[in-house]
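# Structural overview for review
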Amino acid sequence: YPLKHEDSMATVLYHDCTRYNSLLGVVEGSLTDLLAALQGRIVMSAALDAVAQRVFDGLVPGAWGDAGYLSEKALGPWMADLRSRLEFLQRWFDDGPPVVYGLGKFFYPQAFLTGVLQNYARKYSVAIDGVVFRAHVMDEGAVLAEPPADGAYVSGFFIEGARWDSVRGVLVEQRDKELISPMPPIWLEPVVASGDGDGDEADEDPSAKNALYDCPVYKTLARYGQVSTAGQSNNFVRAVGLPTDREPGHWVRRSVAMFLELRE
């Protein structure tokens, strides 16, 4: 796949393919050795016995989880999810960058988001440290045929503790007996920060009539994770500013968050 200095997405694709190929190597190697051990051609080690037990119980073997991405899925859904991720990357490789990126398909979503900011910084010759995202939730059912001029359309979000009202364009209360609901695609538009705040999110859109709730985005429903060398949880992706006609503290008390993966 051609790598271009002006297009960080090619580098993102390259690194994601490398990580997934490494994971596939671990999966294939352990299953090949397990089959050989069951046939009596090699010794059944403790590691292979652990793989066999996890597969028998319908769970993801620990070695696969260590080599893979953060996930809470059982073995069946995990395999289906892995295949969908690989198909996403293969379509990208064969047909070029997609119009809408499935954020949950990336091994490290944060690397993709950094690539989007980097493309903008290179295009307009600005410092990447001063570029942040402004989020625009698209209309439900909208046909996105072309990529935006700047930034990226991303999909695959699920929200808990609230839901999105596409008519009013704001967060509203959940429906009865509906714990989690899907979100429409979101346009992450890079903008140059004004210098106020912590620099992670763009200031409120001057044309917006509502306040913004900085909604945290996690990879899994667990919300918690291990602290990385960068000082952040490996489960936390970023915060996305969502319009609300209520004060943002209301949604903080509701523990509203978005996720890139469900357990099933």
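Refer to the structure printed above.
Predicted model only: the values in this text are computed from it and were never measured.

What counts as what
Residues numbered from 1 in each chain as written. Predicted model: local features only at pLDDT ≥ 70, side-chain atom pairs only at ≥ 80, totals over all residues. Heavy atoms only, no water. Helix = DSSP H or I, 4+ residues; strand = E, 2+ residues; numbered from the N terminus. Salt bridge = Lys/Arg side-chain N within 4 Å of Asp/Glu carboxyl O. Buried < 20%, exposed > 50% of the residue type's maximum accessible area, 1.4 Å probe, protein only. Pairing = 2+ DSSP bridges. Axes fitted to C-alpha atoms, helices over the stretch in contact; angles between N-to-C directions. Parallel < 35°, antiparallel > 145°, perpendicular 65-115°, else oblique. Left-handed = near helix turned anticlockwise from the far one by under 90°. Contact = heavy atoms within 4.5 Å. Nonpolar A, V, L, I, M, F, W, Y, C, P; charged D, E, K, R; others polar.

### Observations regarding the environment of Lys-123
Structurally, Lys-123 can be placed in helix H5 (residues 109-124). For the pair Lys-123 and Asp-7, spaced 116 residues apart in sequence, the C-alpha separation works out to 9.4 Å.

### Here we look at the pattern of salt bridges
Applying the stated criterion to the full structure yields 10 salt bridges. With its nearest N and O atoms 2.9 Å apart, the salt bridge here joins Lys-123 to Asp-150. Of the two residues, Lys-123 is situated in helix H5 and Asp-150 in the loop between strand E2 (131-137) and strand E3 (152-155); the sequence distance between them amounts to 27 residues. Under the relative-accessibility criterion, Lys-123 is labelled partly exposed at 49%. Given a relative accessible area of 16%, Asp-150 falls into the buried group. When the shortest N-O distance is used, the salt bridge between Glu-247 and Arg-253 registers 2.7 Å. Judged by its relative accessible area of 44%, Glu-247 is partly exposed. Among the residues examined, Arg-253 registers a relative accessible area of 59% and is labelled exposed. Among the charged side chains, a salt-bridge network with shared partners connects Glu-173, Arg-246 and Arg-254.

### Describing the sheet that holds strand E7 (residues 180-182)
Pairing is mixed in the open sheet, where five strands are placed in the order E7-E4-E11-E9-E10. The sheet is open, and its two edges are formed by E7 and strand E10 (236-244), each paired on a single side. Each strand of the sheet is rotated relative to its neighbour by a mean of 30°, with strand direction disregarded.

### Details of the pairing of strand E8 (residues 186-192)
Taken across its seven residues, E8 has five buried, putting it largely inside the fold. Looking at chain direction, E2 and E8 are connected through seven bridges and run antiparallel. Bridge assignment links Val-137 to a residue of E8, and that residue is Ile-186. Summarising the sheet, E3 and E8 pair through three bridges and their orientation is antiparallel. What sits directly across from Val-154, in E8, is Ile-186.

### Here we look at the packing of helix H1 (residues 8-38) against H5
Look at H1 against H5: their axes get within 8 Å of each other, and the N-to-C directions meet at 160°. With respect to H5, the axis of H1 lies roughly antiparallel. In this structure, H1 meets H5 at a crossing whose hand is right-handed. Where H1 approaches H5, its residues Ser-8, Met-9 and Val-12 are matched on the opposing element by Ala-111, Phe-112, Gly-115, Val-116, Gln-118, Asn-119 and Arg-122. Looking at side-chain class alone, the contact of H1 with H5 contains five nonpolar, four polar and one charged residues.

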